[in-house]
Amino acid sequence: MQISRRSFGRMAAAASLLLAGTAGTVFAAEPEQVTIRYLASQGGLSGHELAEALGYFKDTGITFKNVGYAQGGPASLFALASGDVELGSAATAAVLNSIAGGNDFVAAYASNGINKTTESIFYTLEGNPIKSIKDLAGKTIAVNTLGAHLDYTVREALHSVGLPENAAKLVVVPGPQLEQVLRSKQVDISAFGYWQKTFEGAALKNGPLQKVFGDTDVLGEIAGGFVVLRRDWIKQHPAAAKTFVEKSQAALEYARLHPEETKAVIAKVLASRNENPDIAQYFTGYGVREGGKAVPRDLQFWINILARGGVLQPGQLKAEDILYDPANFAVAAN
């Protein structure tokens, strides 16, 4: 068969396209298979848990394994530092304390935030003479854990009115028991954290409580805590880390735009964990900024406070060195 120059050109071009398509199919890299172990928190879901429930991690190569519950943020960070889990979640001050203590953690995404819709509220019984921060001196306050958000909020609140930062006594009470210890007068005040709005809503349904103050009165609108990763893990899995953060932030944005649908998802997951699904109706949101994004002030605010208290040296930590930025971690091209 005789092949003209024009026919040969067309055949060569077609062959090139075929080879290019074949090459793309053969050499396209599959997502790395990564298992992320974590500790859950009673009464709610973190952004990555919500993202998983929404199917955002399908076909990404990332799977999650819930290995139990954390009593509070410091316990979560301890598990992360010891290598028992791949991610931790704690109040910003606790995260910074842990980093100052030698743990090379990165603040991956803001787990929660506080605003006038979603804030930590310190309650006492209705009619109690405790009505302001100045009245906290000598009182007993129930918090979910020490060394985390509520602990540092109390310290900053007392400092703001000229009282010693240890003027009140803090006692550790699990979230589900905060209402019980308050109504039985075992404590003067119960602090329901911004991540415990479901427990707060259930408590208020049982009868009115008297608000003393909210953490936004002291801190303003700010990220309350962060999900953190080890820096060495991010370097080993840069693509997975980037996907993890982006999908988690997307879930936080979904919750902001679709609060009722989010309540239904939370209820379903709580039921699967043998927790009370009814409390999902009291979910008020994650309190984070649009898009689930954090800003340097979310970290710098607490860095300045810890430096003021002598926990950190001036300039020891910088927000931009801690806050996750995918540009700082090379992702190999496929």
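Our structure is the block above this text.
Right, let's walk through the structure included here. (Residues numbered from 1 in each chain as written. Predicted model: local features only at pLDDT ≥ 70, side-chain atom pairs only at ≥ 80, totals over all residues. Heavy atoms only, no water.)

Focus on the packing of helix α5 (residues 149-160) against helix α12 (residues 297-308)
In helix packing, the relevant descriptors are the interaxial angle and the interaxial distance, both defined with respect to the helix axes. Two numbers describe how α5 lies on α12: the axes approach to 12 Å, and their chain directions differ by 65 degrees. One element, α5, and the other, α12, form an angle in the roughly perpendicular class. When the axes of α5 and α12 are compared, the crossing they make is left-handed. On α12, the residues touching Tyr152, Thr153, Glu156 and His159 of α5 are Trp302, Ile305, Leu306 and Arg308. Residue classes in the contact of α5 with α12 are distributed as four nonpolar, two polar and two charged. (Axes fitted to C-alpha atoms, helices over the stretch in contact; angles between N-to-C directions. Helix = DSSP H or I, 4+ residues; strand = E, 2+ residues; numbered from the N terminus. Parallel < 35°, antiparallel > 145°, perpendicular 65-115°, else oblique. Left-handed = near helix turned anticlockwise from the far one by under 90°. Contact = heavy atoms within 4.5 Å. Nonpolar A, V, L, I, M, F, W, Y, C, P; charged D, E, K, R; others polar.)

Re the nonpolar core
Leu136, Ile141, Phe244 and Trp302 are the most contacted members of the largest nonpolar core, which totals 101 residues. Ignoring any residue separated from it by four or fewer positions in sequence, one finds Ile141 in contact with Phe122, Leu136, Val154, Ala168, Lys169, Leu170, Val171, Ile189 and Ala191. (Core = buried A, V, L, I, M, F, W, Y, C linked by side-chain atoms within 4.5 Å. Buried < 20%, exposed > 50% of the residue type's maximum accessible area, 1.4 Å probe, protein only.)

Topic: the environment of Glu200
Assignment of secondary structure puts Glu200 in helix α7 (residues 197-205). Spatially, the C-alpha atoms of Glu200 and Pro176 are 9.3 Å apart, while their sequence positions differ by 24 residues. Glu200 has contacts with Ile121, Tyr123 and Phe192, leaving out every residue within four places of it along the chain.

A closer look at the sheet that holds strand β8 (residues 189-192)
Ordered in space as β7-β6-β8-β5-β9, the five strands form an open sheet in which the pairing is mixed. Two strands in the sheet have a free side with no partner beyond their single neighbour: β7 (169-172) and β9 (209-214). Strand-to-strand twist in this sheet, taken as the mean axis angle between neighbours without regard to direction, amounts to 30 degrees. With two bridges joining them, strand β6 (residues 140-143) and β8 adopt parallel strand pairing. (Pairing = 2+ DSSP bridges.)

Focus: the pairing of β8
By the alternation rule, side chains of β8 split into Ile189 and Ala191 and Ser190 and Phe192, which are all buried. As paired strands, strand β5 (residues 121-125) and β8 are joined by three bridges and run antiparallel to one another. Bridging from a neighbouring strand, Tyr123 pairs with Ser190 of β8.

Focus: helix α3 (residues 73-81)
When we look at burial in α3, the residues that qualify are Gly73, Ser76, Leu77, Ala79 and Leu80. Looking straight down α3, one finds that the buried residues subtend no more than 160 degrees of arc, so they occupy a single side. Those residues of α3 hidden inside the fold are in contact with β1 (34-40), β3 (87-91), α4 (92-100), β4 (105-114) and β10 (222-230). Directly after α3, the chain includes Gly83, whose backbone phi takes a positive value near 85 degrees. (Arc of directions from axis to C-beta.)

Description of the sheet that holds β3
Pairing in this open sheet of three strands is antiparallel, and the strands run β3-β10-β4 from one edge to the other. Here the strands that pair on one side only, and so sit at the sheet edges, are β3 and β4. Sheet twist, expressed as the mean angle between neighbouring strand axes with direction ignored, is 25 degrees. The pairing of β4 with β10 spans eight bridges and is classified as antiparallel. Within the sheet, the bridge partner assigned to Phe105 lies in β10 and is Arg230. Docked against the sheet, helix α10 (residues 238-257) engages β3, β4 and β10, running at close to 5 degrees with respect to β4.

Overview of the packing of aromatic side chains
Within this structure, the stated rule accounts for eleven aromatic pairs. On the numbers, 6.2 Å between centres and 80 degrees between planes, the contact of Tyr38 with Phe64 is edge-to-face. Placement of Tyr38 in strand β1 and of Phe64 in strand β2 (residues 62-69) is noted, with a sequence separation of 26 residues between them. An identical accessibility class is assigned to Tyr38 and Phe64; each is buried. Between Tyr109 and Phe244, the aromatic rings sit 5.9 Å apart at their centres with planes inclined by 55 degrees, giving tilted as the arrangement. Of this pair, Tyr109 sits in strand β4 while Phe244 is found in helix α10, placing the two residues 135 residues apart along the sequence. A residue is classified by how much of its surface remains accessible, and Tyr109, at 1% relative accessible area, is buried. Residue classification places Phe244 among the buried positions, given a relative accessible area of 0%. Connected via pairs of aromatic rings, a cluster forms that spans Tyr38, Phe57, Phe64, Tyr109 and Phe244. Stacked on the ring of Tyr152, the Lys or Arg Arg155 has its end atom at 4.2 Å from the ring centre. (Phe/Tyr/Trp six-rings, centres within 6.5 Å; stacked < 30°, edge-to-face > 60°. Lys NZ or Arg CZ within 6 Å of the ring centre and 35° of its normal.)

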